[in-house]
Amino acid sequence: MRVTILGCGGSGGVPLLGGADGGGEWGDCDPAEPRNRRTRTSAVVEGPDGQRLLIDAGPDLRQQLLACRIGRFDAVVFTHAHADHILGIDDIRQVNRTIGRAVDAWGTRKTLQKLDERFDYAFIGPTEFFFRPALEPRQVAFGEQFETAGLRVDAFRQDHGVMDTLGLRIGRFAYSTDVVLLPEESLAALEGLDTWVVGCFQHRPHHVHANLERVLDWVARLRPRRTVLTHMGTAMDYQDLCRTLPPGIEPAHDGLVLDVPLS
């Protein structure tokens, strides 16, 4: 199974808009390190049969897919309905044209309801020329398993402070973005991982995102072979993290490709 990290930045990306000269606010991130330039968090999982599952569709989706040379996917799962995870929905229409059909869109009942409120035109069926995106809603609840894009996916609950978000496990791979706390049943669902991509926004505690200390505590319990940090803000310099993180833990960068055993 192949996982491509399309983007690994927080809701504002890195750098943030602004800066004294308008060139962006980099915080502790070295602007000379290209792996510090982060678009909004998203990923693609490709199974052994070549089908692909997109995880979230943020506002940078078009440029991410072009940069990673991914021209199509077969389904999308939305972890939640915050803007940095859904505002690329309109770009899915070109994928509709490529595959010639609507794209299955997975999410919790609440997430799909929010998407329908903001993008109602995407949920009214396909059109002849796909002048708008066409999504087929597929509801999943926490604790359920579903099959899509040739993959068997287990859904688990994550606490994002202001809402619950959807965590995903596919074989020995798991993906956890926008999480500050993991309930006990979700930690149990993460036992036996090979590779875990997990959100880690900054070093200091944060009210809706896990910080580095909390992620390290999770890793000490779960002991995945490889942990990859995503959804990182401007406090998380790539080279500094590479120097200081324990073995088996690393920062993601946009375009990173992970090869993960399914079993």
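Model, not experiment: these values are computed from the prediction.

Calculation notes
- Residues numbered from 1 in each chain as written.
- Predicted model: local features only at pLDDT ≥ 70, side-chain atom pairs only at ≥ 80, totals over all residues.
- Heavy atoms only, no water.
- UniProt positions renumbered as here; feature names shortened; annotations may be inferred.
- Helix = DSSP H or I, 4+ residues; strand = E, 2+ residues; numbered from the N terminus.
- Buried < 20%, exposed > 50% of the residue type's maximum accessible area, 1.4 Å probe, protein only.
- Arc of directions from axis to C-beta.
- Contact = heavy atoms within 4.5 Å.
- Pairing = 2+ DSSP bridges.
- Axes fitted to C-alpha atoms, helices over the stretch in contact; angles between N-to-C directions.

Things to note about the UniProt feature "domain: Metallo-beta-lactamase" (unreviewed entry) in the protein
And step 1. According to UniProt, the positions carrying the feature "domain: Metallo-beta-lactamase" (unreviewed entry) are residues 39-203.
And step 2. Overall, residues 39-203 shows 19% helix and 31% strand. The separation of its end C-alpha atoms is 20 Å.

Quick look at helix α5 (residues 212-222)
And step 1. Within the span of α5, buried status applies to Leu212, Val215, Trp218, Val219 and Leu222. Each buried residue of α5 lies within a common arc of 120° when the element is viewed along its axis, so the set occupies one face. Turned more than 90 degrees off the buried face of α5, the exposed positions are Glu213 and Ala220.
And step 2. Close packing links the buried residues of α5 with α4 (184-189), β11 (195-199), β12 (226-230) and β13 (249-251).
And step 3. A positive phi of about 55° marks Arg223, the residue just after α5.

As for the sheet that holds strand β2 (residues 42-46)
One key point about sheets: their strands pair by backbone hydrogen bonds, in either a parallel or an antiparallel sense.
And step 1. Here seven strands make up an open sheet; going across it, the order is β6-β5-β4-β3-β2-β1-β14 and the pairing mixed. Each edge of the sheet is formed by a strand with only one pairing partner; in this case those strands are β6 (135-139) and β14 (257-259). Sheet twist, expressed as the average angle between the axes of neighbouring strands with direction ignored, equals 20°.
And step 2. Here strand β5 (residues 103-107) pairs with β6 via five bridges, running parallel. Bridge pairing links Asp104 to Glu136 in β6.

Let's talk about the sheet that holds strand β7 (residues 145-148)
And step 1. Ordered in space as β7-β8-β9-β10-β11-β12-β13, the seven strands form an open sheet in which the pairing is mixed. Edge positions in the sheet fall to β7 and β13, since each has one partner strand and no second. On average, adjacent strands in this sheet sit at an angle of 25° to one another, irrespective of strand direction.
And step 2. Relative to strand β10 (residues 173-176), strand β9 (residues 164-170) runs antiparallel, the two sharing three bridges. Of the residues in β10, the one forming a bridge with Arg169 is Ala174.
And step 3. Across the face of the sheet, α5 comes into contact with β11, β12 and β13 while running at roughly 160° to β11.

Some thoughts on helix α3 (residues 109-118)
And step 1. Of the residues making up α3, those classed as buried are Thr111, Leu112 and Leu115. Taken end-on, α3 shows its buried residues confined to a sector of 95°, consistent with a single buried face. Facing away from the buried side of α3, by more than 90 degrees, are the exposed residues Arg109, Lys110 and Glu117.
And step 2. The elements touched by buried residues of α3 are β5 and β6.

A closer look at the environment of Val180
And step 1. Of note, Val180 is situated in the loop between β10 and α4.
And step 2. Sequence separation between Val180 and Met163 is 17 residues; the distance between their C-alpha atoms is 10 Å.
And step 3. Not counting residues within four places of it along the chain, the set of residues in contact with Val180 comprises Asp159, His160, Gly161, His206, His207, Val208, His209, Ala210, Arg214 and Trp218.

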